[in-house]
Each structure stands twice: as structure tokens, then as C-alpha cells.
Amino acid sequence: MPASVWCTPWQEPSAETVREIFREGAGLPHVQRERRWAAAFAENGVDYDHPTTNITPVRAGVHA
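Keep in mind it's a predicted model, so treat the numbers as computed, not measured. Along each chain, numbering runs from 1 in the same order as the chain's sequence is written. Thresholds applied to this predicted model are a pLDDT of at least 70 for local features of residues and 80 or more for the giving and counting of side-chain atom pairs; totals over whole chains, interfaces and linings are not thresholded and use all residues. Excluded from the side-chain calculation are hydrogens and water; included are all heavy atoms of the structure.

Asker: What exactly am I supposed to notice about the overall build of the protein chain here?
Answerer: In terms of helices and strands, the protein chain carries two helices and two strands. The order of α-helices and β-strands along the protein chain, N terminus first, is α-α-β-β. For the exposure calls, accessible area comes from a 1.4 Å probe over protein chains only, and a residue counts as buried if that area is under 20% of its type's maximum, exposed if over 50%, partly exposed in between. Looking at the protein chain residue by residue over its 64 residues, the buried ones come to 17%. A fraction of 18% describes how many contacts in the protein chain between residues 6 or more apart in sequence connect residues 24 or more apart. Areas reported here follow the Shrake-Rupley algorithm with a probe of radius 1.4 Å; residue values treat only the protein chains shown as occluding. Of the roughly 5,100 Å² of accessible surface on the protein chain, 58% is carried by carbon and sulfur atoms. Numbering of helices and strands starts at the N terminus; helices are DSSP runs of H or I of at least 4 residues and strands are runs of E of at least 2. Throughout, a residue-residue contact means that at least one pair of heavy atoms, one from each residue, lies within 4.5 Å.

Asker: How do you make sense of the pattern of salt bridges when you look at a structure like this?
Answerer: Pairing is possible between side chains of opposite charge, provided their charged atoms come close. Here a salt bridge means any side-chain nitrogen of Lys or Arg lying within 4 Å of a carboxyl oxygen belonging to Asp or Glu. Tallied over the full model, the rule gives three salt bridges. Among the ionic pairs, R19 bridges to E16, the shortest N-O distance being 3.9 Å. Note that R19 and E16 are positioned in helix α1 (residues 15–24) at a spacing of three residues, about one turn of the helix. The exposure class assigned to R19 is partly exposed, which follows from its relative accessible area of 44%. The salt bridge involving R23 is made with E20; its shortest N-O contact spans 3.2 Å.

Note that every value here comes from positions in space, so none of it alone points to a role or purpose.
This is the structure:
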């Protein structure tokens, strides 16, 4: 069984990058905002899991 992602410290993106991502779409309608956020997180190697809004690192080749 793989180790929990909660056992390792957060690596990327930085807190400032995350804040900037959320500021980017603040004035958009809900669906456009979520799509923009998902795209911005994907560019940073993170899977933005809306509607649960969990963000987890993307690991190539690893399937749940």
C-alpha cells in the first residue's frame, strides 16, 4: 500500500502561488472560475479536484 500523501511535507506549489491562482479567477462566474483554477493548478503539477476542492499532487503513472 502506498504511503499517505499526508506523511510528507508539502512541496509545490508555494503558498504565494496558490494565493495568486485563487486571486486570478475571483471575479469570474463560478464555472469559469473553477476551470481557470483547475488549469492553473495543472500547470503547477497539481490536480484540482472540484467540487470537493481537494488539491493533490499529480503523480505520473500512479493510479488510485
